[in-house]
Every structure is written in structure tokens, then in C-alpha cells.
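Residue-level structural notes
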Amino acid sequence: MFIVPLALTIYAFIDCLNTTEEDTKHLPKIAWVFIILLFWIVGPVVWLAAGKNRHNRPGVAGPASWQRRGRQQWVAPDDNPDFLKSLKDDKDAEAAEAEAEEERGRRDGGTGPDDKTPPAS
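Throughout what follows, the structure given in this document is the object of discussion. (Residues numbered from 1 in each chain as written. Predicted model: local features only at pLDDT ≥ 70, side-chain atom pairs only at ≥ 80, totals over all residues. Heavy atoms only, no water.)

Moving on, we come to the overall build of the protein chain. When you go through the protein chain residue by residue, the secondary structure sums to five helices and zero strands. Helices (α) and strands (β) of the protein chain occur, in sequence order from the N terminus, as α-α-α-α-α. Counting every position in the protein chain, which comprises 121 residues, the buried fraction comes to 16%. Considering only contacts in the protein chain between residues 6 or more positions apart, those separated by 24 or more positions represent 52%. (Helix = DSSP H or I, 4+ residues; strand = E, 2+ residues; numbered from the N terminus. Buried < 20%, exposed > 50% of the residue type's maximum accessible area, 1.4 Å probe, protein only. Contact = heavy atoms within 4.5 Å.)

Have a look at this one:
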């Protein structure tokens, strides 16, 4: 019987501390902290009922709108054309670099492990 009011007081206290000063109603935030801690059964209930603005302000996204918007905008990597283009660009850049290295080796007259011509004696 003692645990429920204690848990409610702890929850309300942490909720009050995490609430901005602009979102508190009727009293300053420090007054709400004292009410919650001094009146440990009634204070948390009053805080939860009347101490905080609980609606979303215009322009501020709530969890539901964030989740809906996130699902519409997220694209899997294999369906994302920009990601696939970047992979192709990386592959083309690596192939061009390997070709340039091979060309330099031929120009310098050196033999490499991939060179098919036998060394001159």
C-alpha cells in the first residue's frame, strides 16, 4: 500500500523536473516541486491533473505524428535510388583507379604479378 503513492510521487517529481517552465500551468515550476514533495499523496495527483500542458502545441510534433511521418519518409537502402547511385559511383571510381594503376605500370615498363609477358633477358 505504501509503494503506489511512493511510485506516483517519484514519477510526478521526475515529470515535473523534465517539464519546461513554459509548459507548467498555474504556478512556477519550483512551487510544483514543493507541492509534489510535501503533499506526497495529493501533490502528484494535482500535478498530473492540472500542473502541466499535456496537448501538443502548434508546430511541435508529438509521438504519433513523428511515427507516421517517419514511416512515409523512410526508404530501404535497396529501394533508395540515391544510395544505389552512390554504390555504382564507388564501383566505377574503384575500377577507374585500378585501370589507372595498371596503365602506370605498363608505362613505367615494370612487370607486375598480373603481367602476362615474360621478363626480357
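Turning our attention to the pattern of salt bridges. Considering all chains together, one arrives at one salt bridge under this definition. Lys85 is paired through a salt bridge with Asp89; the nearest N and O atoms lie 3.2 Å apart. In this pair, Lys85 and Asp89 both sit in helix H5 (residues 81-108), four residues apart, roughly one turn of the helix. (Salt bridge = Lys/Arg side-chain N within 4 Å of Asp/Glu carboxyl O.)

Within the secondary structure layout, Thr9 lies in helix H1 (residues 3-18). Within the structure, Thr9 has its side chain in polar contact with the backbone oxygen of Pro5 (distance 2.8 Å). Every residue in contact with Thr9, bar those within four places of it in the chain, is listed here: Ile36, Trp40 and Pro44. (Polar contact = N/O pair within 3.5 Å; in protein donor to acceptor, adjacent residues only side chain to side chain.)

Let us now look at the packing of aromatic side chains. Tallied over the full model, the rule gives two aromatic pairs. Look at Trp32 and Trp47: their rings are 5.5 Å apart centre to centre, the planes differ by 65°, and that puts the pair in the edge-to-face class. Residue Trp32 is found in helix H2 (residues 29-38), and its partner Trp47 is found in helix H3 (residues 42-50); the two are separated by 15 residues along the sequence. (Phe/Tyr/Trp six-rings, centres within 6.5 Å; stacked < 30°, edge-to-face > 60°.)

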